[in-house]
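# Descriptive structure summary
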Amino acid sequence: MTTNLSTESIFSRKYGLLGKEEAHDNAKRIEEICFASADEHFKKEPDGDGSSAVQLYAKETSKLILEVLKSGPRRTEEPEVPVSDTPPELADTVFDISGGKRAFIEADEANELLSPLTKSGNSYKRICFSNRSFGIGAANVAGPILESIKKQLMEVDISDFVAGRPEDEALDVMRIFSKALEGAVLRYLNISDNALGEKGVRAFKELLQSQDRLEELYVMNDGISEEAAKALSELIPSTEKLKVLHFHNNMTGDEGAMYIAEMVKRSPNLESFRCSATRIGSDGGVALAEALGTCTRLKKLDLRDNLFGVDAGVTLSKTLSKLPDLVELYLSDLNLENKGTIAIVNALKQLAPQLEVLEMAGNEINAEAAQSLAECLTAMQSLNKLTLAENELKDDGAVVIAKSLEDGHSDLKELDVSTNMLQRVGARCFAQAITNKPGFVQLNINGNYISDEGICEVKDILKGGKNSLDVLGSLDENDPEGEAEDDNDEEEDDSELDSKLQGLKVEQDD
């Protein structure tokens, strides 16, 4: 509501008192169009924190406001001034009932909610039924309606549409929707958040078997076990056109990973693959890593929060050299250790010029891997986000890595080295590395052992650079009294400190 009122006040100042009604109409139209665009963007990036969707909303809103202000108030005899260069049919191409609180839907309400889909000549191409729980009665209403428009549909989002229903009823609802949508030529299908399991996957048999042109498939938080993964692999006839395949938060395991790997092998055009938090261990990780070698157009790879281990990490390193278009790489919490990490970063040197995001948190990386990591980072001049949190770099590793980031890296915006047993020296080095980078947003050094003196030095470095203290993240979990195991006392003699800081532009103690 704040955005709407603010937008309306801008128009009111432009148009004056007599233009209030017009200002209200313009503000409302702009808000609806921009929110729909941002909402769709957010749903296609479900692993994000929403910041990019907010930025898109702000950008589009500003653009449309400027267009209306330039055109001036509309005269009564003039036709309505368009507020966007978006095709006029946009409002009629997306049918979305997911807004508001989650609700159960029965037959009567379904008749009312879905009535726009029954209008002759409608041009809906995308439908979203997420966040509404359909019972049998509602499904029987929806089935014929969906069947009547399925030839025009291109995108279907039926994620989270049977929540709270008994299993037998939920499966029947899925079958009704599947039969109704059978034969629709879809480019986008989202069946996430439905606790599918094997029974649920097979309940969508007709729909899945009829899809051979899918470009985006989302099966997240669906209880995808080995059997369910096998069913998916069997039922979808072709994944050759797939560009996006997301399996986040399932119970796939090593055995299920083998079937996911088979799907990946048949998806040479994949650009975004997410298989995070799926309980995949070493054997499944190796199989998946090898399969990804066929996806030479991959731009975004997210394998976070699995149990790959060193062997899968080494196998993945060999695959990475075959992925020249990779832009975002998420490898946190994979138990890579130093050996797996070194193998991966050595391979990444070949991809370094265009890689923008690298996450390797929680992999037991210590100072032994720091030099290889630093050499890789030196080549990554397009990097805008680096996450190395929850490792064991300590000051020795921090000095080396910070040095690699100090020169260049003008696009770097976020650096997370929290929970790394850092003390005063390491914290100062990272502060110095980013203090003069234009557009830098956040430095996270929380959860370390930085003394009060060290915190003051970090703040002084940031104040003296081009970036203000605003880039320093919270320090609520920093332990000034803590000390890394096997570390020397923080009070180091001058020669040792000089050695650690050699080549770094960090102000020395008096």
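Residues numbered from 1 in each chain as written. Predicted model: local features only at pLDDT ≥ 70, side-chain atom pairs only at ≥ 80, totals over all residues. Heavy atoms only, no water.

For the chain, an unreviewed UniProt entry supplies the name WPP domain-containing protein and the organism Zizania palustris.

Of regular secondary structure, the chain possesses 19 helices and 15 strands. By the burial criterion, 52% of the 510 residues in the chain qualify as buried. Considering only contacts within the chain whose residues lie at least 6 apart along the sequence, 85% involve residues at least 24 apart. As displayed, the chain has an accessible area near 23,100 Å², and 47% of this comes from carbon and sulfur atoms. (Helix = DSSP H or I, 4+ residues; strand = E, 2+ residues; numbered from the N terminus. Buried < 20%, exposed > 50% of the residue type's maximum accessible area, 1.4 Å probe, protein only. Contact = heavy atoms within 4.5 Å. Areas by Shrake-Rupley, 256 points an atom, 1.4 Å probe, with all protein chains shown as cover.)

For the coordinates displayed, the defined rule picks out 9 aromatic pairs. Both rings, one in Phe-95 and one in Tyr-124, keep their centres 5.4 Å apart while their planes meet at 70 degrees; by these two values the pair is edge-to-face. A residue pair is termed long-range when its members are at least 10 positions apart, and Phe-95 in strand E1 (residues 94–96) and Tyr-124 in the loop between helix H5 (107–113) and strand E3 (126–128) qualify at 29 residues. For the residue pair Phe-95 and Tyr-124, the accessibility class agrees, reading buried in each case. Arranged with centres 5.4 Å apart and planes meeting at 50 degrees, the rings of Tyr-188 and Tyr-218 form a pair that is tilted. Of this pair, Tyr-188 sits in strand E6 (residues 188–190) while Tyr-218 sits in strand E7 (residues 216–218); the two residues are 30 residues apart in sequence, bridging distant segments of the chain. Its relative accessible area of 0% is what places Tyr-188 among the buried residues. What links up through ring pairs into an aromatic cluster is the set Phe-95, Tyr-124, Phe-129, Phe-134, Phe-161, Phe-177 and Phe-204. Over the ring of Tyr-188 we find Arg-126; its NZ or CZ atom is 4.8 Å from the centre of that ring. (Phe/Tyr/Trp six-rings, centres within 6.5 Å; stacked < 30°, edge-to-face > 60°. Lys NZ or Arg CZ within 6 Å of the ring centre and 35° of its normal.)

As a general rule, the predicted coordinates of low-pLDDT regions are not to be interpreted in detail. Averaged over the chain, the pLDDT score is 85; the fraction of residues at 70 or greater is 77%. For residues 487–498, every residue scores under 50 in pLDDT, and the model assigns this stretch 18 contacts once sequence neighbours within four places are set aside. Between residues 503–510, whose pLDDT stays under 50, and residues either more than four places distant or in other chains, the model counts 22 contacts. (pLDDT = per-residue confidence, 0-100.)

All right, on to helix H11 (residues 253–265) then. The first and last C-alpha atoms of H11 sit 18 Å apart over 13 residues, in line with the 18 Å expected at 1.5 Å per residue. The set of residues buried in H11 consists of Gly-253, Gly-256, Ala-257, Ile-260, Ala-261, Met-263 and Val-264. Next to the buried residues of H11 lie E7, helix H10 (226–235), strand E8 (244–246), strand E9 (272–274) and helix H12 (282–291). (Expected span 1.5 Å × (residues − 1).)

Under the 1.5 Å per step criterion, the end-to-end length of helix H13 (residues 309–320) is 16 Å for 12 residues, consistent within 8% with the ideal 16 Å. Counting buried positions along H13 gives 9 out of 12 residues, so the element sits mostly inside the fold. For H13, the elements touching its buried residues are H12, strand E10 (300–302), strand E11 (328–330) and helix H14 (337–348).

Enumeration over the complete set of coordinates arrives at 20 salt bridges. In this structure, the salt-bridge partner of Arg-187 is Glu-216, at a minimum N-O distance of 2.6 Å. Here the residue Arg-187 occupies a position in the loop between helix H7 (167–181) and E6, and Glu-216 occupies one in strand E7, the gap between them amounting to 29 residues. Side by side, Arg-187 and Glu-216 carry an identical accessibility label, which is buried. Glu-198 serves as the salt-bridge partner of Arg-202, at 3.1 Å between the closest nitrogen and oxygen. Placement of the pair is Arg-202 and Glu-198 together in helix H8 (residues 197–203), with a separation of 4 residues, close to one helical turn. Using a relative accessible area of 32% as the deciding quantity, one classes Glu-198 as partly exposed. Here the salt bridges do not stand alone but share partners, grouping Arg-126, Glu-155, Arg-187, Glu-215 and Glu-216 into one network. (Salt bridge = Lys/Arg side-chain N within 4 Å of Asp/Glu carboxyl O.)

We now examine the environment of Leu-405. Here Leu-405 shows up in helix H16 (residues 394–406). When the C-alpha atoms of Leu-405 and Met-380 are compared, they prove to be 9.1 Å apart, with 25 residues separating the residues in sequence. Ignoring anything within four residues of it in the chain, the contact list for Leu-405 reads Leu-377, Leu-386, Leu-415, Ala-433 and Lys-437.

A positive phi is found at Asn-221, a non-glycine position, where the angle reads about 50 degrees. With respect to the element layout, Asn-221 can be found in the loop between E7 and H10.

Once that is clear, we can look at the packing of helix H6 (residues 136–149) against H7. The contact between H6 and H7 brings their axes to 8 Å, and the two run at 10 degrees. Comparing the axis directions of H6 and H7 gives the class roughly parallel. When H6 is examined against H7, the residues Ile-136, Ala-139, Asn-140, Ala-142, Gly-143, Leu-146 and Glu-147 are found in contact with a partner set consisting of Glu-169, Asp-172, Val-173, Ile-176, Phe-177, Ala-180 and Leu-181. A breakdown of the residues in the contact of H6 with H7 according to their chemical character gives 9 nonpolar, 2 polar and 3 charged. (Axes fitted to C-alpha atoms, helices over the stretch in contact; angles between N-to-C directions. Parallel < 35°, antiparallel > 145°, perpendicular 65-115°, else oblique. Nonpolar A, V, L, I, M, F, W, Y, C, P; charged D, E, K, R; others polar.)

If you trace the backbone, Arg-213 turns up in the loop between helix H9 (205–209) and E7. Here the alpha-carbon distance between Arg-213 and Leu-242, two residues 29 residues apart in the chain, equals 7.6 Å.

For the rest of this paragraph, the subject is the side chain of Thr-252. Relative to the helices and strands, Thr-252 resides in the loop between E8 and H11. A relative accessible area of 2% means that Thr-252 is categorised as buried. Setting aside residues up to four positions removed in sequence, Thr-252 forms contacts with Ile-224, Ser-225, Glu-226, Ala-257, Ile-260 and Thr-278.

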